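Residue-level structure breakdown
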Amino acid sequence: MRVLDPLRALLTLVVAYVAVSTLGFGIYLGVAAVMGQSPWDEVAVRDNIAYQRVAVILPILNLAVWTCAARWYFSGRRLRYPAWPLGLAWLIVALLLDYLAFVVPTHPLSLDHTSFYLEQGPWIYLTYLAVAVSAFLGRWWVTAGARHRVDAVPDQ
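Being a predicted model, the structure only gives us computed values, none of them experimental.

**So, the packing of helix 1 (residues 6–35) against helix 4 (residues 83–103)**
Where helix 1 meets helix 4, the closest approach of the two axes is 11 Å, and the angle between their N-to-C directions is 45°. As summarised for this structure, helix 1 and helix 4 are arranged oblique, according to the angle between their axes. Remark: the crossing between helix 1 and helix 4 carries right-handed chirality. Between helix 1 and helix 4, the contacting residues are Ala9, Thr12, Leu13 and Tyr17 on the first element and Leu86, Trp90, Val93, Ala94, Leu97, Asp98, Ala101 and Phe102 on the second. When the residues that make up the contact of helix 1 with helix 4 are grouped by side-chain class, the tally is 10 nonpolar, one polar and one charged.

**With respect to the confidence of the model for the chain**
Scored by pLDDT, the chain comes out at a mean of 89, with 92% of its residues at no less than 70. Within the chain, helix 6 (residues 123–152) has the poorest average pLDDT of any element, 86, and helix 3 (residues 58–74) the best, 97. Counting contacts from residues 151–156, a segment whose pLDDT is below 50, to residues more than four positions away or on other chains yields zero contacts.

**Section: the side chain of glutamate 119**
By secondary structure assignment, the location of glutamate 119 is in helix 5 (residues 113–119). Residue classification places glutamate 119 among the buried residues on the basis of a relative accessible area of 19%. If near-sequence neighbours (up to four positions away) are discounted, glutamate 119 is found in contact with Ala44, Val45, Arg46 and Thr114.

The rules behind each value
- Residues numbered from 1 in each chain as written.
- Predicted model: local features only at pLDDT ≥ 70, side-chain atom pairs only at ≥ 80, totals over all residues.
- Heavy atoms only, no water.
- Axes fitted to C-alpha atoms, helices over the stretch in contact; angles between N-to-C directions.
- Helix = DSSP H or I, 4+ residues; strand = E, 2+ residues; numbered from the N terminus.
- Parallel < 35°, antiparallel > 145°, perpendicular 65-115°, else oblique.
- Left-handed = near helix turned anticlockwise from the far one by under 90°.
- Contact = heavy atoms within 4.5 Å.
- Nonpolar A, V, L, I, M, F, W, Y, C, P; charged D, E, K, R; others polar.
- pLDDT = per-residue confidence, 0-100.
- Buried < 20%, exposed > 50% of the residue type's maximum accessible area, 1.4 Å probe, protein only.

Take a look at the structure:
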């Protein structure tokens, strides 16, 4: 018995990951501009005031985007799949992608292990929790909508 539609899970992961990364970075650039701070200054995460302002909303942004992706994943006949495999798969892949995109390479947005995993706390951990929980919320959203549509049909 399959517990996951792998192609749809991968597609929704890519869409959500790109969307939330683009939105988060765009919000950071906007906040940095408003504060008169260069987003390209190489300062520690703990000293980057613009990032500190944005970091607090990133878990909420991730929860919203990933929940919409989960709703899309579970739409149609995919309600037969449980939420936990999707949440676990998304969490594992998001952890790996973040590591490969922001810790391993050297570029203006990269961070070392300490900066990424410790100085971004607790926000980075709340963000990962949002990724995992969003699968349950998205599935609930679809089932609640389906139940509402069935309840709205008048008896004949």
